[in-house]
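# Summary of structural features
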Amino acid sequence: MTQVTRRRVLSFVLLFLLACTGSAEAYLLSSSQITRQMVKKLGKPVTATLQQKELFFRSAATEASEEENLVFDEVVTLSVPDRFHSVVTAGQKKVEQFSTFDTWFRVVDGVLDKGPERAADRYRDPLQFRRDSLMAKRLTEAGVDLSVTSLNRHAGRIAWVMGAKSTDGSVRPQFWVDKESFLPMRWILFEKEGAHRVEIWYHDWFKQGKAMYPARIEFYADGRLFREIRVKGVSAGKSMAAKLFEPARYAEKKKELPREETATPEATEKQRQMEELERILSNDPLAF
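The rules behind these values
Residues numbered from 1 in each chain as written. Predicted model: local features only at pLDDT ≥ 70, side-chain atom pairs only at ≥ 80, totals over all residues. Heavy atoms only, no water. Buried < 20%, exposed > 50% of the residue type's maximum accessible area, 1.4 Å probe, protein only. Helix = DSSP H or I, 4+ residues; strand = E, 2+ residues; numbered from the N terminus. Pairing = 2+ DSSP bridges. Phe/Tyr/Trp six-rings, centres within 6.5 Å; stacked < 30°, edge-to-face > 60°. Core = buried A, V, L, I, M, F, W, Y, C linked by side-chain atoms within 4.5 Å. Contact = heavy atoms within 4.5 Å. Patch = residues over 30% accessible without salt bridge, like charges linked within 9 Å, V, L, I, M, F, W, Y side chains within 5 Å. Areas by Shrake-Rupley, 256 points an atom, 1.4 Å probe, with all protein chains shown as cover. Salt bridge = Lys/Arg side-chain N within 4 Å of Asp/Glu carboxyl O. Lys, Arg positive; Asp, Glu negative; His and termini not counted. Charge placed at Lys NZ, Arg CZ, Asp CG, Glu CD.

## Some thoughts on the pairing of strand 10 (residues 184-190)
For strand 10, the tally of buried residues reaches 6 of 7 residues, placing the bulk of the element in the interior. The pairing of strand 9 (residues 174-178) with strand 10 spans 4 bridges and is antiparallel. Paired with Trp-176 across the strands is Arg-186, a residue of strand 10. The turn linking strand 9 back onto strand 10 is made up of 5 residues, and Phe-182 within it adopts a positive phi angle of 60 degrees. Of the pairings in the sheet, the one linking strand 10 to strand 11 (residues 197-208) comprises 5 bridges and is antiparallel in character. In the sheet register, Leu-189 faces strand 11, and the bridge partner there is Val-198.

## Regarding the packing of aromatic side chains
All told, the structure shown has 12 aromatic pairs when counted by the stated rule. On the basis of an interplanar angle of 90 degrees and a centroid distance of 5.7 Å, the ring pair of Phe-101 and Phe-129 is categorised as edge-to-face. Taken together, the residues Phe-101 in the loop between strand 4 (93-99) and strand 5 (104-108) and Phe-129 in the loop between helix 3 (125-128) and helix 4 (132-141) connect sequence positions 28 residues apart. On the basis of relative accessible area, Phe-129 is assigned to the buried category, the value being 0%. By the ring-pair criterion, three or more aromatic residues cluster together here, those being Phe-98, Phe-105, Phe-245 and Tyr-250.

## Points about the nonpolar core
The biggest cluster of nonpolar side chains holds 43 residues, and the ones touching the most others in it are Tyr-123, Trp-187 and Tyr-213. Broken down by element, the residue count for this core peaks at 6 residues, all from strand 12 (residues 211-221). Residues within four places of Tyr-213 in sequence aside, it is in contact with Val-46, Ala-48, Leu-50, Leu-78, Leu-127, Arg-130, Asp-204, Trp-205, Phe-206, Gln-208 and Val-234. Counting 7 residues, the second largest nonpolar core, distinct from the first, contains Phe-98, Val-107, Leu-112 and Met-240.

## So, a positive patch on the surface
Taken together, Lys-40, Lys-41, Lys-44, Lys-207 and Lys-210 make up a surface patch of like positive charges. As for its placement among the helices and strands, Lys-41 is situated in helix 2 (residues 31-42).

Written as structure tokens, this is what we have:
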């Protein structure tokens, strides 16, 4: 073997070893690449109306025990560029959510409720923010570390995972995207108040017009299924004026004055149901 041939062989071996060493990292996409592909698959911002069923489970419910659950009809309106409005009507109670990238608030029976945005409320983000820059900001606000990506498996499919486990092995906020379709699969979040872990699972994406929507969304609190959304239909929507998303338009909830403690009769079944409904409609994952 000549000296020139020997050098060529050595160079080839070195390049091969370097390629093998870095192959694992070479095939990992960055968070910006993943979100860019995801948003491309989701489609451009839309103006649409979604008819949905909201189910809240009192326990680890199955289809067989569905009559034990609370079921509500919900109408969601999406409007370009980034507006979201939902209405849930249950009996005499009406709960609305208003959201843009910079604003979120709830209106209950026409009265402004400035309660905190729950982790479960973020299910709407992939539907509402169909721009990679906005989704990246929302993920960061939710605590997802976009500097770390990996591959993992969920529901029998391989997924890109943005975010990671901490050095002590505990789970941090993560966003999972299907490796093949680049559609959202799973979101792991934590409530701001308390350490309750909330997971959002997206199922059965379908195309309507030029945009993608999940047919079903599941919500888990500390490992227990507590809520499910079933999309029944998608149709063309109407644009919503920016002024609708100004909290000042709505009456603020009056502070209740402290009352003297007096003996009160035991709450009626109807009162208990209304209290339960109040907790459910505020997205309390531990309402049951």
